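Per-entry structural report
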Amino acid sequence: MTDISRLVVVGASLAGLRAVEAARKAGFDGSVTLIGAEPHLPYDRPPLSKAFLDAEGDGTAPTFRERAQLEELGVELRLGAPATGLDTDGCVVTVDGTDEVPYDAVVIATGAHARTLPGAAALDGVHALRTVDDAREVRSALDAGARTVVIGAGFIGSEVASSAQKRGVDVTVLEALPTPLVRAAGPAMGAAIAALHERNGTTLRCGTGVRSLEGSGSVERVVLEDGSSIPADLVVVGIGVVPTVDWLQGSGLRLEDGIVCDERLWTGVPGVYAAGDVARWHNPTLQEVQRMENWTAAAEQGAAAARNAIAPAEARPYGTVPYFWSDWYDVRIQFVGSPNADEVVVVDGDPGTSGRWIALYRRGDRLVGALTVNGQSDVMKYRVQIMRGGSWDEALDFAARRRERSRGVSSPGSPVGSAV
Amino acid sequence: MRVVVDYTKCTGLGICESLAPAFFEVNDEGDLVLLKEEVGDAERQELEEAVAGCPTEALRLVD
Ligand SMILES: Cc1cc2nc3c(=O)[nH]c(=O)nc-3n(C[C@H](O)[C@H](O)[C@H](O)COP(=O)(O)OP(=O)(O)OC[C@H]3O[C@@H](n4cnc5c(N)ncnc54)[C@H](O)[C@@H]3O)c2cc1C
Ligand code: SF4
């Protein structure tokens, strides 16, 4: 194995930033180059659909580090132009079609980009929400009091709707599927969380397909499949993301809904690792092949992939109990583990009436997931149990003790159906 | 070595609690409570993971 003296990281967001920082922290003293398509320094995305949209905010990008801090780490920044190719035989990343950046080890962290509605790009006032530039457009439309339609009742769309509602702007959420959030939380809990919209005064229409967006120059209305239409000055399209792998076509990497990696985040090609939203890896903790779209996994994978890339002989597996959170209205939704369950049981609160509840997910005789809505003090205790491979019975006992502790009442858990 | 929380950044997301439950707990109000401050050598690795895992970068280890 040749010496590794040149680390190249492609994608200058959370996973890429954590990769370069972890390499230095591990004592790597070779050259480190961070290539980013966006002109911005690495910034944090979760606030973009939350605090950033509030009327009180000032539209400043939530950057993680100053340029000087990265320079001090000895990171060469190449921002504002995308990598356009990876030659795994010659060990070279091509930037902007022409510039060649040679590597000994490379971490690919090009993340994901928003899926678009066909034909939507032609109209002003139609935005995805993935970048700080998107968020600025949405923010200024909300400032102007735009009548808002959100297409897609996923987490990001729902957070935008909640921000619009908070500002007193007219907002409607449209969801093509009969139940939102099924992939993230399963059908029963997807429906229960989505009901928070109506409870907070936002119209949510499920099973409603969009036929077209109309307007001259700027969007004026959203036309639905049933022929009716909703007037709109701002349309936010939140219909999911696609891993950014187009630039890797022909590179020889295995691309199947992301870059396929083993449990060490290795692609199988010497020197090439992947991390964050772009990586589809074998998660040894849950024994599932997964691609994450959450902050925690991107941060941890960035660091883990870089440590493995600079010392492949000592490469360690990376496993996690996935975690994400989302803030809507005055509610914090948190999910740990996997929603692929045989049974889901509400162990505290009542999704139908209260703004606080906890649901546990069973697969076989194991606890595999937990959803909490305003249950900040409980969620991580379940994460620890899932990490340890804790049993379902143990989780139910624990839930019963927590119920007693908090309210001195104990009622049996009520099954809410299977979530496959 | 001890751990320091910047409460102006922390939003009670709780990642730290899942990685180092002996040190951190989010209470019923959703606020982080530091259960102990001093970090022994054996606990250092765990605490470093908590520092790296915090989504608001609110944790620091100081000598
Ligand atoms: C609005 C919003 C809200 C969110 N809220 C939450 C939340 O509440 N909780 C949670 O857990 N997660 C949340 N997430 C998800 C979280 O932000 C992502 O999981 C995380 O950003 C993934 O980091 P990443 O570095 O893997 O990829 P990304 O952040 O997608 O970054 C990839 C970077 O690579 C760049 N790039 C792409 N192609 C190239 C190329 N060819 N060459 C060079 N650079 C390239 C891109 O421009 C981008 O800057 C949210 C995301 C968004 C957009
Ligand atoms: S992980 Fe960070 S934000 Fe979350 S509770 Fe701990 S210190 Fe606070």
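Residues numbered from 1 in each chain as written. Chains lettered and ligands numbered in written order. Predicted model: local features only at pLDDT ≥ 70, side-chain atom pairs only at ≥ 80, totals over all residues. Heavy atoms only, no water.

Things to note about the overall build of chain A
Tallying secondary structure elements over chain A gives nine helices and 27 strands in all. Taking 2.2 N^0.38 as the reference for a compact globule, 420 residues should give roughly 22 Å; the C-alpha atoms of chain A span a radius of gyration of 22 Å, in line with that estimate. Projected onto its principal axes, the C-alpha coordinates of chain A cover approximately 60 × 60 × 35 Å. Among the 420 residues that make up chain A, the fraction classed as buried is 56%. Put simply, 62% of the contacts in chain A that link residues at least 6 apart link residues at least 24 apart. In the structure as shown, chain A presents an accessible area of about 17,100 Å², 49% of it carried by carbon and sulfur atoms. (Helix = DSSP H or I, 4+ residues; strand = E, 2+ residues; numbered from the N terminus. Rg over C-alpha atoms; globule rule 2.2 N^0.38 Å. Buried < 20%, exposed > 50% of the residue type's maximum accessible area, 1.4 Å probe, protein only. Contact = heavy atoms within 4.5 Å. Areas by Shrake-Rupley, 256 points an atom, 1.4 Å probe, with all protein chains shown as cover.)

Here we look at the domain arrangement of chain A
Interface extent is often summarised as the accessible area lost during association of the parts. All names here are of chain A. Split by domain assignment, chain A resolves into domain 1 (6–113 + 242–314), domain 2 (116–239) and domain 3 (330–419). Centre-to-centre, using C-alpha coordinates, domain 2 lies 30 Å away from domain 3. The interface of domain 2 with domain 3 comprises 13 residues on the first partner and 19 residues on the second. Together, the buried faces of domain 2 and domain 3 total about 1,000 Å²; carbon and sulfur atoms form 71% of this surface. Taken together, the links from domain 2 to domain 3 amount to four residue pairs in polar contact (both at pLDDT 80 or more). For the side of domain 2 that touches domain 3, the elements supplying multiple residues, two or more each, are α5 (182–185) and α6 (187–199). Per-element tally for the side of domain 2 that touches domain 3: the top contributor is α6, with seven residues. Here the residues of the side of domain 2 that touches domain 3 sort into nine nonpolar, two polar and two charged. (Domains from an automatic or database assignment. Buried area = accessible area lost by both parts, 1.4 Å probe. Polar contact = N/O pair within 3.5 Å; in protein donor to acceptor, adjacent residues only side chain to side chain. Nonpolar A, V, L, I, M, F, W, Y, C, P; charged D, E, K, R; others polar.)

Quick look at empty space enclosed by the protein
All names here are of chain B. Scanning all chains against the criterion turns up one cavity of 30 Å³ or more. Looking at the largest cavity, its volume works out to about 100 Å³. Looking at the largest cavity, it is lined by 14 residues, and the ones nearest its centre are Cys 10, Leu 13, Gly 14, Cys 16 and Cys 54. Looking at the lining of the largest cavity residue by residue, the classes come out as ten nonpolar, four polar and no charged. (1 Å grid on protein atoms, 1.4 Å probe; cavity = no way out; pocket = protein on both sides within 12 Å on 5 of 7 lines; lining within 4 Å. Points joined across faces, edges and corners; volume = space filled by probe spheres on them.)

Section: the interface of chain A and chain B
Between chain A and chain B, the contact holds 21 residues from the first and 20 residues from the second. Carbon and sulfur atoms supply 47% of the area that chain A and chain B bury against each other, a total of about 1,600 Å² over both sides. Between chain A and chain B we count six salt bridges in total. With a shortest N-O distance of 2.8 Å, B:Glu25 and A:Lys381 are connected by a salt bridge. Between chain A and chain B we count eleven residue pairs in polar contact (both at pLDDT 80 or more) in total. For the side of chain A that touches chain B, the secondary-structure elements that each account for two or more residues are α1 (14–25), α7 (295–310), β22 (323–328), β23 (331–337), α8 (376–387) and α9 (392–407) of chain A. No other element matches the seven residues that α8(A) contributes to the side of chain A that touches chain B. (Salt bridge = Lys/Arg side-chain N within 4 Å of Asp/Glu carboxyl O.)

Quick word on the UniProt feature "domain: FAD/NAD(P)-binding" (unreviewed entry) in chain A
The residues that UniProt annotates with the feature "domain: FAD/NAD(P)-binding" (unreviewed entry) are residues 6–302 of chain A. Across residues 6–302 of chain A, helical content stands at 23% and strand content at 29%; the span's end C-alpha atoms are separated by 17 Å. (UniProt positions renumbered as here; feature names shortened; annotations may be inferred.)

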